[in-house]
Amino acid sequence: MACPFPPAPRVDAPTDNTKTSDFYKTNNLPGRFEYPQIFTNYGIHQRPPIHPFYITSSSEFGYYPPSIHTVPLQFYPRSQKFSSDLAKCGMYRNYSLNL
């Protein structure tokens, strides 16, 4: 039985030293996006391959790992202030009657 997901064609296979900023103009990019070849454990890496009976259409989204051409080019991290304040005082507890 043939694999339902053929390997993605790679025109320019990156070497280990290839960075995203070598191809595109980037802004505030963390290392995991600067060197996307470090990503592992995607569907294409699974051995033995998944039986076709159990493959769903949602499996297609995470099948191939990100490449230099698919990672985001800009990164704007969010502040963790709300979570930090919530961790200090705890979650709200409802003391009303259970109905």
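Up top is the structure.
This is a predicted model, so every value here is computed, not measured.

The rules behind these values
- Residues numbered from 1 in each chain as written.
- Predicted model: local features only at pLDDT ≥ 70, side-chain atom pairs only at ≥ 80, totals over all residues.
- Heavy atoms only, no water.
- Phe/Tyr/Trp six-rings, centres within 6.5 Å; stacked < 30°, edge-to-face > 60°.
- Buried < 20%, exposed > 50% of the residue type's maximum accessible area, 1.4 Å probe, protein only.
- Lys NZ or Arg CZ within 6 Å of the ring centre and 35° of its normal.
- Helix = DSSP H or I, 4+ residues; strand = E, 2+ residues; numbered from the N terminus.

Asks: What exactly am I supposed to notice about the packing of aromatic side chains here?
Replies: What characterises a pair of aromatic rings is the spacing of the ring centres plus the angle enclosed by the ring planes. Applying the stated criterion to the full structure yields two aromatic pairs. Considering the side-chain rings of F53 and Y54, the 5.2 Å spacing of their centres and the 85° angle between planes classify their relative orientation as edge-to-face. Among the residues examined, F53 registers a relative accessible area of 64% and is labelled exposed. For Y54, a relative accessible area of 60% gives the class exposed. The side chain of R32 reaches across the aromatic face of F33, ending 4.9 Å from its centre.

Asks: Hey, could you run me through helix α2 (residues 81-89) in this one?
Replies: Across the nine residues of α2, zero count as buried, placing the element largely on the outside. Of the residues flanking the end of α2, it is G90, one or two places downstream, whose phi is positive at about 90°.

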